[in-house]
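Inside the fold
Chain by chain, the residues:
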Amino acid sequence: MDEEVTTIHITEVLSSSLIMDLIDEYPNLCEITCSPSVYERTSKNYIDALEQLDIEVNKKYNWGAKSQTNGEEKIVLDLAKKGLNAREISEELNIKLNRVYYLLRKNKDNVKFDNYRRKYDHREVKSLKEDGLSPKEISQKLDIPIRTVYYILNKK
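Numbering of residues starts from 1 in every chain and runs along the sequence as written. Reporting of local features is limited, given that this is a predicted model, to residues whose pLDDT is at least 70; pairs of side-chain atoms are given and counted only at 80 or more, and all residues count toward the totals for whole chains, interfaces and linings. Hydrogens and water molecules were not included; the side-chain quantities draw on all heavy atoms of the structure.

**Topic: the nonpolar core**
Nonpolar cores were defined as sets of buried Ala, Val, Leu, Ile, Met, Phe, Trp, Tyr and Cys residues, with membership established by side-chain atoms within 4.5 Å. For every residue, the accessible area (1.4 Å probe, protein chains only) is compared with the maximum for its type, and the residue is labelled buried under 20%, exposed over 50%, or partly exposed between those bounds. Residues Leu-14, Leu-22 and Ile-32 are the most contacted members of the largest nonpolar core, which totals 15 residues. Comment: elements are numbered from the N terminus, with helices defined as DSSP H or I runs of at least four residues and strands as E runs of at least two. Of all the secondary-structure elements, those providing two or more residues to this core are strand E1 (7-10), helix H1 (16-25), strand E2 (31-34) and helix H3 (44-52). No other element matches H1, which puts three residues into this core. Any two residues whose heavy atoms approach within 4.5 Å at even a single point are treated as in contact. Among all residues touching Ile-32, those that are not within four sequence positions of it are Ile-8, Ile-10, Leu-22, Leu-50, Ile-55, Glu-56, Val-57 and Asn-58. The next biggest cluster of nonpolar side chains, apart from the first, holds ten residues, and it includes Leu-77, Ala-80, Ala-86 and Leu-104.

Spelled out as structure tokens, the structure:
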């Protein structure tokens, strides 16, 4: 008998034998919680009988694993939005690189993470184009093949 317990969560439909076992095991029982599906399958007579014994039966959604990110998810996303790559984020937060990749993949809709190593700086090519240089001038200035410049500029 566990006399200190006043609330329990059940995962099976209440029956007369289960109610008797619960009352014997938990004499100070005040509340029984269960999932909505278990509550719907439980007889109204059993719920009324428990209320007469001053024991409430309530629906409580208590499923699934709880998140264990401890706020690091938001920090990782903020750093990724600032332009840090996964390795830099991992080193700055002192967490494993695989964990960083996992958090970024999990939130791929919230942040566009570009972790590809590029031979040429795409941002620089695009900024030179915005400054008014032609693809040929960009190619000569950065010593990049003109075909690559066109590829970078036409990439969506």
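**Some points on the sheet that holds E2**
Pairing between strands requires that DSSP locate at least two bridges from one strand to the other. Spatial ordering of the open sheet is given by E1-E2-E3, a layout of three strands whose pairing is parallel. The strands lining the two open edges of the sheet, one partner per strand, are E1 and strand E3 (56-59). Looking at each pair of strands side by side, their axes are set apart by 25° on average, direction ignored. Note that E2 and E3 share four bridges and pair parallel. Bridging across to E3, Glu-31 finds its partner in Glu-56. Axis definition: a line fitted to C-alpha atoms, over the contacting stretch in the case of helices. Angles run 0 to 180 degrees between N-to-C directions.

**Notes on the pairing of E2**
For E1 and E2, the ladder comprises four bridges, and the chain directions are parallel. Within E2, the position partnered with Thr-7 by the bridge is Glu-31. A crossover counts as right-handed when, viewed with the strands pointing away from the observer, the path leading from the first strand over the helix to the second turns clockwise. At this point the chain moves from E1, through H1, to the parallel E2, and the crossover so formed is right-handed.

**Points about the pattern of salt bridges**
Any Lys or Arg side-chain nitrogen located within 4 Å of an Asp or Glu carboxyl oxygen qualifies as a salt bridge. Summed over the entire model, instances satisfying the criterion amount to five salt bridges. Its salt-bridge partner being Glu-73, residue Lys-106 comes within 3.5 Å of it at the nearest N-O pair. With Lys-106 in helix H6 (residues 97-106) and Glu-73 in helix H4 (residues 72-81), the pair connects residues that are 33 residues apart, well separated along the chain. Of the charged contacts, one joins Asp-78 and Lys-74 as a salt bridge, the two residues approaching to 3.2 Å between their closest N and O atoms. Highlighted residues: Asp-78 and Lys-74, both in helix H4, separated by four residues, approximately one helical turn. Among the residues examined, Asp-78 registers a relative accessible area of 31% and is labelled partly exposed.

**Details of the confidence of the model for the protein chain**
Do not read the fine detail of predicted coordinates wherever pLDDT is low. For every residue, the predictor assigns a confidence score, pLDDT, that lies between 0 and 100. Mean pLDDT over the protein chain: 85, with 87% of residues reaching 70 or higher. Considering each helix and strand of the protein chain separately, the mean pLDDT is smallest for H4, with a value of 86, and largest for helix H8 (residues 135-142), with 92.

**Some words on the environment of Thr-7**
Within the element layout of this structure, Thr-7 appears in strand E1. Overall, Thr-7 belongs to the partly exposed group, its relative accessible area being 40%. As for Thr-7 and Thr-33, which are separated by 26 residues in sequence, their C-alpha atoms are 7.4 Å apart. Those residues within four positions of Thr-7 in sequence are excluded, and the remaining contacts are Leu-29, Glu-31 and Thr-33.

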